[in-house]
Amino acid sequence: MANEGTPKPCRIAVVGNGPRALWALERLLEHLRANPTRPHLQVDVFGPGELGSGTTYDPEQPEFLRLNLPADQVDVWSQAGHRGPSMVQWRGPSDEPGELGVYSSRASTGRYLREQAATVMTELDPLLAAPVVHHRRRVEQVTPYAEGPAEAQTVATAGGRGGQWHVDGEGPFDEVLLTPGHAADWPGALRHTWDPTLAPLHPAVFPVEPLLARPELRPGATVLVRGAALTGIDAVLALTRGRGLDLADADLRIILASRSGRLMMPKTPAGLVEQLHARAGDTGPFRGRAVDLVRTGRGAELPTVLSDLSAHLLSGAASLPAEEARAQVRTVLEDLSAGRTPADPVGQLRVGVAIARDERLPDGVWAVGQAWRVLQGDLARCQQEVDPDGPLLGWPDSARWTAELERLGYGPSLMHAEFLLEAINAGVVEVRAGDTAGLARELRPDLVIDAVLPPPGIRDLPEGHVLRRLTDEGVLTPARHGRGARVGCAGEVLDVQGTPVPGLSLIGRATEDVVLANDTLLRDMHPAVDLWAQRVLGLLPR
């Protein structure tokens, strides 16, 4: 604790109580441990519920809801010399069979995050001017502090920044870090336009308990689900296993409505990926080329590297002649660029599952998805160095490409893809392309479920959201070519001239397209949280 006579502490507000809020406190902890003479801090955290888990990783949710990231890649302490346990170390050897032991439940992940948050708080408190204060409520407003004497409005904080802020009337704070997760609503949600005469609407999959309590879920009922991506699969899991039913006993007809008709391809298990990549050989030169293109303003040439790397992986993994591999990849990329839907999306899923099971050789679709997985981490890191107002990666067509590349490279785990395919084979699930309202008119379902999550960025936020207010007031500025807010490398909010807004920072999915691939628990892909902590403590070079 600070002694009497020490300088007035720098007050920091962390808005949010999910993983990124935890990471921010962990980074402050580690830098204060290494630099004990740094200025005194006073930290307030704002967010409902316990620190660390947020709502996505609520420990009270059912165990059948799983991560889409292997547990061995979840580690709160990966940037701190691993002096605390990783998820796998904390959990110990799993007694769950197959991929259930690879992909932990969201609930157990939440318990891990909360326990690590408690450790961080215990170790951080003695290094601060006062213990961390947790305001257990959702924030509605962050406003500039404009009261009091002039000197109070320009308090010099630890990095030479000025400007103070109120958070729901608390403060003033010298630094506010916004760490938003998924919004609860968005203008494109079905609830805003739905015609109730078509069918009753359930507005969201999560939390699943209210969904499972719907009276419409009677044996023989037809349920139309808007969205066939990861949340759509979770809806199918909830409507079957969440009700204690195996697919053989399933009593509902479930229609997954995909606007495009496309399905996400399964992830290949890590051990098989390692074997297949080893056959292909080193991918380092391709990664280096991709990074060089972004750093030299030639991101428009990235499809060439993607094509070359995909052909390299396919030729080696499937033992194909180079020209045949290039031809397969060329067809996939041409379809992707043109937005063409596969003639048989379910057939494509069957092939993807067979490849992930090592029952057939990889194909061009697999290779393109793998190539994007190889490149994405390096591209996400170097994206931090480019103009936040330019196209993502300096690639004018990136928005069209990256959505499809995510579908091929970052789809469901193999076990969830197998489950979906089994549900289709059993006649429990049908995939239909088209508009949800149009399908409801045709099918007359007993219930419609909206399984499309709010998109990242700040362009589609609902009225009343704290970031919507800051955007409407001109504090947050959407990037010219993207969905997210303009921010710098350390998360500092940038105004319309590109000048940092004093005392205000933003990290997470609200920065998407300025920052690449925010929706992840991987600590090491994005440097902004660590750079933010260094900036607050004055550790970054001027």
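Everything that follows concerns the structure shown earlier in this document.
On a predicted model such as this, the values are computed, not experimentally measured, just so you know. Going along each chain's sequence as written, the residues are numbered from 1 onward. Predicted model: local features are reported for residues with pLDDT of at least 70 only, side-chain atom pairs are reported and counted for 80 or more only, and whole-chain, interface and lining totals are derived from all residues. Hydrogen atoms and water are omitted, and side-chain values are computed over all heavy atoms in the structure.

**Student:** Help me understand the pattern of salt bridges in this model?
**Tutor:** Pairing between side chains becomes possible if they bear opposite charge and their charged atoms approach one another. Counted as salt bridges are all cases of a side-chain nitrogen of Lys or Arg within 4 Å of a carboxyl oxygen of Asp or Glu. Under the criterion given, the structure shown has 41 salt bridges. Here Arg-295 makes a salt bridge to Glu-385, at a shortest N to O gap of 3.0 Å. Within this pair, whereas Arg-295 is found in helix 8 (residues 284–295), its partner Glu-385 is found in the loop between helix 12 (364–383) and helix 13 (398–409), the two being separated by 90 residues in sequence. Exposure classes here rest on a 1.4 Å probe applied to the protein chains alone. A residue is buried below 20% of its type maximum, exposed above 50%, and partly exposed in between. Given a relative accessible area of 54%, Arg-295 falls into the exposed group. For Glu-385, a relative accessible area of 48% puts it in the partly exposed group. Among the ionic contacts, a cluster of salt bridges with common partners joins Glu-26, Arg-27, Arg-523 and Asp-530. By definition, any uninterrupted DSSP run of H or I lasting at least four residues is a helix, any uninterrupted run of E lasting at least two residues is a strand, and each is numbered from the N terminus.

**Student:** How do you make sense of the packing of helix 8 against helix 12 when you look at a structure like this?
**Tutor:** When two helices pack together, their arrangement is captured by the angle between the axes and the distance separating the axes. In the contact formed by helix 8 and helix 12, the axes pass within 10 Å of each other and the chain directions differ by 30 degrees. Considering their axes alone, helix 8 and helix 12 lie roughly parallel with respect to each other. Helix 8 and helix 12 meet at a crossing whose hand is right-handed. In this structure, helix 8 uses Phe-286, Arg-287, Ala-290, Val-291, Val-294 and Arg-295 to contact helix 12, whose residues at the interface are Val-374, Leu-375, Asp-378, Leu-379 and Cys-382. Axis lines are fitted to C-alpha atoms, over the contacting stretch for helices. Their N-to-C directions set the angle, which ranges from 0 to 180 degrees. What sets the label is the angle itself: under 35 degrees gives roughly parallel, over 145 gives roughly antiparallel, 65 to 115 gives roughly perpendicular, and the rest give oblique. In this scheme the crossing of two helices becomes right-handed for a clockwise turn of the near helix relative to the far one and left-handed for an anticlockwise turn of less than a right angle. Any two residues whose heavy atoms approach within 4.5 Å are treated as being in contact.

**Student:** Would you mind showing me how to read the side chain of Ser-86 here?
**Tutor:** Among the structural elements, Ser-86 can be located in the loop between strand 2 (41–46) and helix 2 (87–91). A relative accessible area of 12% means that Ser-86 is categorised as buried. Apart from the residues lying within four places of it in its own chain, the contact partners of Ser-86 are Val-74, Asp-75 and Tyr-112.

**Student:** I tried to follow the sheet that holds strand 4 (residues 142–144) on my own but got confused; where do I start?
**Tutor:** Strand pairing within a sheet occurs via backbone hydrogen bonds; the two strands may be parallel or antiparallel. Following DSSP output, two strands are said to pair if at least two bridges run between them. Here we have three strands laid out as an open sheet, ordered 4-5-6, and antiparallel in their pairing. The sheet is open, and its two borders are formed by strand 4 and strand 6 (170–173), each paired with just one other strand. Averaged over neighbouring strand pairs, the angle between their axes works out to 25 degrees when direction is ignored. Alignment of strand 4 against strand 5 (residues 165–167), held across three bridges, turns out to be antiparallel. Note that in strand 5 the partner of Val-142 across the bridge is Val-167.

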